[in-house]
Amino acid sequence: MEKLEREIRESKFSELMNKHFAASSIPKSIHCLSLRLTDEYSSNAHARKQLPSPEFLPLLSDNSYHHFVLSTDNILAASVVVTSTIQSSLKPDNIVFHIITDKKTYAGMHSWFALNPVSPAIVEVKGVHQFDWLTRENVPVLEAVENHNTIRNYYHGNHIAGTNLSDTTPRRFASKLQARSPKYISLLNHLRIYIPELFPNLDKVVFLDDDVVIQRDLSPLWEIDLKGKVNGAVETCKGEDEWVMSKHFKNYFNFSHPLIAKNLDPDECAWAYGMNIFDLRAWRKANIRETYHSWLKENLKSNLTMWKLGTLPPALIAFKGHVHPIDPSWHMLGLGYQNKTNIESLKKAAVIHYNGQAKPWLEIGFEHLRPFWTKYVNYSNDFIRNCHILDSV
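Report follows, based on the coordinates. Just so you know, these numbers come straight off a predicted model, no measurement behind them. (Residues numbered from 1 in each chain as written. Predicted model: local features only at pLDDT ≥ 70, side-chain atom pairs only at ≥ 80, totals over all residues. Heavy atoms only, no water.)

## A closer look at the overall build of the chain
Argument step 1. Tallying secondary structure elements over the chain gives 17 helices and 9 strands in all.
Argument step 2. Taking all 393 residues of the chain together, the buried fraction comes to 54%.
Argument step 3. For the chain, the proportion of contacts with a sequence separation of at least 24, taken over those separated by at least 6, is 76%.
Argument step 4. For the chain, the exposed surface amounts to about 18,300 Å²; the carbon and sulfur share of it is 50%. (Helix = DSSP H or I, 4+ residues; strand = E, 2+ residues; numbered from the N terminus. Buried < 20%, exposed > 50% of the residue type's maximum accessible area, 1.4 Å probe, protein only. Contact = heavy atoms within 4.5 Å. Areas by Shrake-Rupley, 256 points an atom, 1.4 Å probe, with all protein chains shown as cover.)

## A word on the environment of Leu-264
Argument step 1. Within the fold, Leu-264 resides in the loop between α10 (258-263) and β7 (275-279).
Argument step 2. Here the alpha-carbon distance between Leu-264 and Phe-253, two residues 11 residues apart in the chain, equals 9.0 Å.
Argument step 3. For Leu-264, the residues in contact, after removing those within four places along its chain, are Phe-249, Phe-253, Phe-255, Ile-317 and Lys-320.

## Points about the side chain of Asn-189
Argument step 1. Here Asn-189 is to be found in helix α8 (residues 187-190).
Argument step 2. On the basis of relative accessibility, which here comes to 12%, the residue Asn-189 falls in the buried class.
Argument step 3. At a separation of 2.9 Å, a polar atom in the side chain of Asn-189 contacts the side chain of Arg-192. (Polar contact = N/O pair within 3.5 Å; in protein donor to acceptor, adjacent residues only side chain to side chain.)

## Things to note about the sheet that holds strand β3 (residues 122-127)
Argument step 1. Taken in spatial order, the 7 strands of this open sheet run β3-β2-β1-β4-β7-β6-β8, and their pairing is mixed. With one partner strand each, in any of the chains shown, β3 and β8 (323-325) form the two edges of the open sheet. Along the sheet, successive strands turn relative to each other by an average axial angle of 25°, direction set aside.
Argument step 2. In the sheet, strand β1 (residues 66-71) pairs with strand β2 (residues 95-101) via 6 bridges, with the strands oriented parallel. The residue bridging Ser-71 from the neighbouring strand is Ile-100, located in β2. (Pairing = 2+ DSSP bridges. Axes fitted to C-alpha atoms, helices over the stretch in contact; angles between N-to-C directions.)

## Points about helix α2 (residues 28-43)
Argument step 1. In this model, α2 (16 residues) spans 23 Å end to end at C-alpha, consistent with the 22 Å of a helix rising 1.5 Å per residue.
Argument step 2. Within α2 the residues assigned to the buried category are Ser-29, Ile-30, Cys-32, Leu-33, Ser-34 and Leu-37. (Expected span 1.5 Å × (residues − 1).)

## Re the state of the cysteines
Argument step 1. The full count for this structure, using the stated rule, is 2 disulfides.
Argument step 2. Across the disulfide from Cys-32 sits Cys-387; the S-S distance is 2.0 Å. Judged by the sign of its S-S torsion, about -75°, the bond between Cys-32 and Cys-387 is left-handed. In this pair, Cys-32 sits in helix α2 while Cys-387 sits in the loop between α16 (382-386) and α17 (389-392), placing the two residues 355 residues apart along the sequence. (Disulfide = S-S within 2.5 Å.)

## Regarding the pattern of salt bridges
Argument step 1. Enumeration according to the criterion identifies 15 salt bridges in this entry.
Argument step 2. The closest approach of N and O atoms between Glu-197 and Arg-289, which form a salt bridge, is 3.3 Å. Pair noted here: Glu-197 is in helix α9 (residues 195-198) and Arg-289 is in helix α12 (residues 288-301), with a separation of 92 residues, a long-range link.
Argument step 3. Arg-289 gets classed as buried once you look at its relative accessible area, which sits at 18%.
Argument step 4. For Lys-347, the salt bridge is made with Glu-344, and the minimal N-O distance between the two is 3.8 Å. (Salt bridge = Lys/Arg side-chain N within 4 Å of Asp/Glu carboxyl O.)

## Section: the pairing of strand β4 (residues 204-208)
Argument step 1. The element β4 is extensively covered by neighbouring structure, given that 5 of its 5 residues are classed as buried.
Argument step 2. Of the two faces of β4, the one carrying Lys-204, Val-206 and Leu-208 and the one carrying Val-205 and Phe-207 are both buried.
Argument step 3. Relative to β4, β1 is paired through 4 bridges, and the arrangement is parallel. Counterpart to Val-69 in the pairing with β4 is Phe-207.
Argument step 4. Bridging between β4 and β7 involves 5 bridges; their strand directions are antiparallel. Residue pairing for β7: Val-206 is matched across the bridge by Ile-277.

## Points about the layout of surface pockets
If you roll a probe as big as a water molecule over the atoms, it shows you where there is empty space left.
Argument step 1. Its boundaries defined by the atoms lining it, the second largest pocket holds a volume of some 410 Å³.
Argument step 2. Looking at the second largest pocket, it is lined by 16 residues, and the ones nearest its centre are Glu-240, Asp-241, Met-245, Met-332 and Ser-345.
Argument step 3. Residue classes in the lining of the second largest pocket are distributed as 6 nonpolar, 5 polar and 5 charged. (1 Å grid on protein atoms, 1.4 Å probe; cavity = no way out; pocket = protein on both sides within 12 Å on 5 of 7 lines; lining within 4 Å. Points joined across faces, edges and corners; volume = space filled by probe spheres on them. Nonpolar A, V, L, I, M, F, W, Y, C, P; charged D, E, K, R; others polar.)

## Notes on the packing of aromatic side chains
Argument step 1. With the rule as written, the count across this model stands at 15 aromatic pairs.
Argument step 2. Ring centres of Trp-133 and Tyr-194 lie 5.3 Å apart, and the angle between their planes is 50°; on these two criteria the pair is classed as tilted. Here Trp-133, found in the loop between β3 and α5 (140-147), pairs with Tyr-194, found in the loop between α8 and α9; they are 61 residues apart in sequence, far enough to count as distant.
Argument step 3. Centre to centre, the rings of Trp-271 and Tyr-273 are 5.2 Å apart; their planes meet at 85°, and the pair counts as edge-to-face. Across the pair, Tyr-273 and Trp-271 agree in class, each one buried.
Argument step 4. Each member of the aromatic cluster is reached from another via a ring pair, and the members are Phe-207, Trp-271, Tyr-273, Phe-278, Trp-283 and Phe-319.
Argument step 5. Above the ring of Tyr-273, the side-chain terminus of Arg-192 is found at 4.5 Å from the ring centroid. (Phe/Tyr/Trp six-rings, centres within 6.5 Å; stacked < 30°, edge-to-face > 60°. Lys NZ or Arg CZ within 6 Å of the ring centre and 35° of its normal.)

The following block contains the structure:
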């Protein structure tokens, strides 16, 4: 009996490892899409046309429009975010999307939106290499993060080494694996902390992650009184789903570290990244970026003993005192790890978020939750068909 239990347990851990590797790799079909669109950029003048057209350039800094910021290297995911936002909007002609991608994806991302216009909305595509402000002098900590040996080993090394499987539960192990996703050390993932500098002429933006779907008009977000705060966000410490909505600072930080214990409250409520309304005027008056950088440096010095998981922990510290809670119906989380998501609540949510490993574009995505995402994929598009996106999801 004991041997059988051990085998079942080992099988569960093995399954979790396989899911982790599946979540960290790029599906062949999505890689194909990026390659074909990059090739199209080289050979087709239409794929290289200016985005947006010259006559619309002034709108990129016009604060009477609703500006959305999306940072991603996933063309398919970006297309779903943009399409779902526009289709759900009551005023699509008032939408401006600012899509930031990396240098290797830029040509493919530009091609997609040049060949698939989303009129009447406006779309701008920029590579990180096209922002003058993003110099090594302005983001020295992130360069250190990407090149730090301990960090590279942590995110790219042996994920079982040092883990006593007999002392942990599958759920805790899954959480640790998720924390070791290589995306957490990419510049694209940290770019959100530089939005005020990257868009110096904008007053207010909605920031979206690339694994969200918009199901309702988001215009009312701009009418929310943030009461002088910087970040309008959904709190994640209270709600019906006790697994997804039970996050406090103690879930993210190591409170046995003296600096953490001295400066933070373990019971303070956490909040969610992925759908945030940012008041950039208030942000520019605060020292959020400096606080973020200084805590990143401290964590590096301590060999990642203060926290392990990505961009949220330093943001929880940096935005401390600058967060205005918004209604939970604006942003429903957990679709990438909560198999028992309440479908009725999901249908009512303005934004649904596939945070977690089970992304809807991966085979490991939950079958019953995937249609809420795939309904915004244009399967009649030649690039989508030729890369067999339909077959893979």
